[in-house]
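What follows is the residue order along each chain.
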Amino acid sequence: MKKLESTWYNMALVLTLIAVVSGGALGYVNELTKGPIEQIKAQQLADGIKKVLNAQELNVEEPQTTEDGTVLYQTDKGTAIKASDPNAFGGTLTVLVGFDTKGIIQGYQVLETSETPGLGAKADSWFQTGGKGCIVGANPAERNLTVKKDGGEVDAITASTITSRAFLRCVNKAYAALSGKYTDADSGATKQNEKQ
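Sequence order as written defines residue numbering, which begins from 1 separately in each chain. Residues qualify for local features only when their pLDDT is at least 70, as the model is predicted, and side-chain atom pairs are given and counted only at 80 or more; totals for whole chains, interfaces and linings, by contrast, use all residues. Hydrogens are left out, water is left out, and the side-chain values use all remaining heavy atoms of the structure.

Trainee: Account for a nonpolar patch on the surface, naming residues and giving values.
Mentor: Taken together, the side chains of L4, V14, L15 and I18 present a nonpolar region at the surface, about 390 Å² in accessible area. With respect to the helices and strands, V14 occurs in helix α1 (residues 8-52). Patch membership needs two things, relative accessible area over 30% and no salt bridge, and members are linked within 9 Å if like-charged or within 5 Å if nonpolar (Val, Leu, Ile, Met, Phe, Trp, Tyr). Only the protein chains shown count as cover for residues, and the accessible areas themselves come from Shrake-Rupley with a 1.4 Å probe. One speaks of a salt bridge when a side-chain nitrogen belonging to Lys or Arg is within 4 Å of a carboxyl oxygen belonging to Asp or Glu. Where helices and strands are cited, they refer to DSSP runs of H or I of at least four residues and of E of at least two residues respectively, numbered from the N terminus.

Trainee: Give a detailed account of the nonpolar core, specifying residues and quantitative values.
Mentor: Proteins that are soluble and globular tend to have nonpolar side chains buried together. Here, nonpolar core means buried Ala, Val, Leu, Ile, Met, Phe, Trp, Tyr and Cys residues that are tied together by side-chain atoms lying within 4.5 Å of each other. Exposure categories follow from relative accessible area, calculated using a 1.4 Å probe and restricted to protein chains: below 20% of the type maximum is buried, above 50% is exposed, and the middle band is partly exposed. Residues V97, Y108, F127, I135, L145, F167 and L168 are the most contacted members of the largest nonpolar core, which totals 27 residues. Listed by contribution, the elements that provide at least two residues to this core are β3 (79-88), β4 (91-99), β5 (105-112), α2 (123-126) and α3 (161-179). A total of seven residues in this core trace back to one element, the largest contributor, which is α3. Counting residues in hydrophobic clusters, the runner-up holds 10 residues, among them I49, A55, V71 and Y73.

Trainee: Describe the side chain of T161, with residues and values.
Mentor: Mapped onto the fold, T161 is located in helix α3. Classification of T161 as buried rests on a relative accessible area of 19%. In this description, contact between two residues means that some pair of their heavy atoms is separated by no more than 4.5 Å. Beyond its immediate sequence surroundings of up to four residues, T161 is in contact with V147, K149 and A156.

Trainee: If you had to explain the sheet that holds β5 to someone new, which residues and values would you point to?
Mentor: As summarised here, the arrangement of the five strands in space is β1-β2-β3-β4-β5, forming an open sheet in which the pairing is antiparallel. Of all strands in the sheet, those with a lone pairing partner are β1 (64-65) and β5, marking the two edges. Two strands form a pair only when DSSP identifies at least two bridges running between them. Bridging between β1 and strand β2 (residues 71-74) involves two bridges; their strand directions are antiparallel. Its bridge partner lying in β2, Q64 is registered against L72. To obtain each axis, a line is fitted to C-alpha atoms, and for helices this fit is confined to the stretch in contact; angles are then taken between N-to-C directions over 0 to 180 degrees. On top of the sheet, α1 reaches β2, β3, β4 and β5; it is set at about 155° to β5, its chief contact.

Trainee: Go over the pairing of β3 with me, naming the residues and quoting the values.
Mentor: With four bridges connecting them, β2 and β3 associate as antiparallel partners. Bridge assignment links Y73 to a residue of β3, and that residue is A80.

Trainee: Can you lay out the pairing of β5 for me, pointing to particular residues and giving the numbers?
Mentor: As defined by bridge partners, β4 adjoins β5 across six bridges and the pair is classed as antiparallel. By the bridge assignment for β5, V97 is matched with Y108. Connecting the antiparallel pair β4 and β5 is a turn made up of five residues, with G103 showing a positive phi of about 90°.

Trainee: Describe α3, with residues and values.
Mentor: In this scheme, a helix's expected span is set at 1.5 Å multiplied by one less than its residue total. For α3, built from 19 residues, the straight-helix expectation of 27 Å at 1.5 Å per residue is met to within 8% by its first-to-last C-alpha distance of 26 Å. Just downstream of α3 lies G180, where phi reads positive at about 75°.

Trainee: Got a sec to walk through the pattern of salt bridges? Specific residues and values, please.
Mentor: Within the structure shown, the criterion is met by six salt bridges. Taking the shortest distance from any N to any O, the salt bridge between D85 and R169 comes out at 2.6 Å. In this pair, D85 sits in strand β3 while R169 sits in helix α3, placing the two residues 84 residues apart along the sequence.

Trainee: Can you explain the packing of aromatic side chains? Please cite residues and give values.
Mentor: Classification of ring pairs rests on two measures: the distance between centres of Phe, Tyr or Trp rings, Trp counted by its six-membered ring, which must be within 6.5 Å, and the angle between planes, read as stacked under 30 degrees, edge-to-face over 60 and tilted in between. Evaluation of the coordinates by the stated rule reveals three aromatic pairs. Where F99 meets Y175, the ring centres are 5.9 Å apart and the plane angle is 50°; that geometry is what we call tilted. Of the two residues, F99 sits in strand β4 while Y175 sits in helix α3, which places them 76 residues apart along the sequence. Each member of the pair, F99 as well as Y175, carries the same accessibility label: buried. Centroid distance Y108 to F167: 4.8 Å. Interplanar angle 65°. Geometry classified as edge-to-face. Taken together, the residues span a long stretch of sequence, with Y108 in strand β5 and F167 in helix α3 at a distance of 59 residues. Accessibility classification places Y108 together with F167 in one group, the buried group.

See below:
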């Protein structure tokens, strides 16, 4: 086999060929894994809905999505709501919050986070029952679910105030979707939705 001459043309040709083959292989692997990844995410969401509503079995209605991307999952045991905040310390934070029929928080689960391990990543347990910033059992209509540093009632995660604020904005956003009102994510104040 004759060795290719080392010219710019030959190098560009070889690199282009390598890029095309690599891109094709990546695309093929992506298509192979897309279905299983979606199935895993769907199962995690279904398990999360059961967890945040403290139920073993649920009848979940067709999800409803609000204009801001918040998703409501109505069930026979209450409502699970998926809300996101793009301004967490590490990027977007997505939380699934479960409310009973009276608007009381039954539980929550952090679905997506890029927070610092050991600090902001503590959001998955800090606000749970027994945690220092427990919100489970609270009704956002009756409590100011913002961090104490901002005049609220909730203890922020130590050294992670930005994450705590983002988490509580998600919770307030979820409650706003539940109640059909808009909650100002910064102040926690509630006002009627302009469209009503």
